[in-house]
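Each chain, letter by letter, is given below.
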Amino acid sequence: MAILAQLVDDVVVSKFDLKPGQLSIGRHPDNDVMIDDISVSGHHAIIEVVESKYMEGTMEFFIVDKGSKNGTFINEQSVHERERLVDGDVIRLAWNKFKLIDDSGNPLASTAHVLQ
């Protein structure tokens, strides 16, 4: 099972299950993950959870910035389009940090997208 862990000073304060489909993140209350912070856009980003085309029974994770004002970052690299996430990635939305934790135990999952 994969989770999105919200971090404050590198301590997990909230956990959100990552299930197939989309998880919306933003300041507006209709998001799946609502962040009460004025630096976060109303509909800041989405995380997509999809079944891998290359490894049966494995899920892949992607993040998409929805035109936010203060940006979406993976490991401090700005997200400009749909970007792939792997276990251990730190996601920052404005000044709010999250960590992707995927305990599926498949070490090849992070490289499977390279195969074609």
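The following paragraphs examine the structure supplied in this document. Just so you know, these numbers come straight off a predicted model, no measurement behind them.

What counts, and where the lines are drawn
- Residues numbered from 1 in each chain as written.
- Predicted model: local features only at pLDDT ≥ 70, side-chain atom pairs only at ≥ 80, totals over all residues.
- Heavy atoms only, no water.
- Pairing = 2+ DSSP bridges.
- Helix = DSSP H or I, 4+ residues; strand = E, 2+ residues; numbered from the N terminus.
- Buried < 20%, exposed > 50% of the residue type's maximum accessible area, 1.4 Å probe, protein only.
- Lys, Arg positive; Asp, Glu negative; His and termini not counted.
- Salt bridge = Lys/Arg side-chain N within 4 Å of Asp/Glu carboxyl O.
- Contact = heavy atoms within 4.5 Å.

### Concerning the sheet that holds strand S6 (residues 59–65)
Stage number 1. Strand order in this open sheet of five strands is S4-S3-S5-S6-S9, and the pairing throughout is mixed. A single partner strand is all that each edge strand has here, and the edge strands are strand S4 (33–34) and strand S9 (83–85).
Stage number 2. Here three bridges tie S6 to S9, and the two strands are oriented antiparallel to one another. The partner of Phe62 across the bridge, within S9, is Arg84.

### Observations concerning the pairing of strand S1 (residues 2–8)
Stage number 1. Counting buried positions along S1 yields six of seven residues, so the element is predominantly enclosed.
Stage number 2. Looking at chain direction, S1 and strand S2 (residues 11–18) are connected through seven bridges and run antiparallel. Across the sheet, residue Ala2 finds its bridge partner in S2, namely Leu18.
Stage number 3. Where S1 folds back on S2, the antiparallel hairpin that results is connected by two residues, among which Asp9 adopts a positive phi of roughly 50°.
Stage number 4. Of the strand pairs in this sheet, S1 and strand S11 (residues 96–102) are connected by six bridges, and their pairing is antiparallel. Bridged to Gln6 within S11 is Phe98.

### Considering the side chain of Asp102
Stage number 1. Tracing the sequence through the fold places Asp102 in strand S11.
Stage number 2. Put simply, Asp102 is tucked away with no salt bridge, and the nearest opposite charge, on Arg84, sits 8.1 Å away.
Stage number 3. Once residues within four sequence positions are removed from consideration, Asp102 is found in contact with Met1, Ala2, Phe61 and Asp87.

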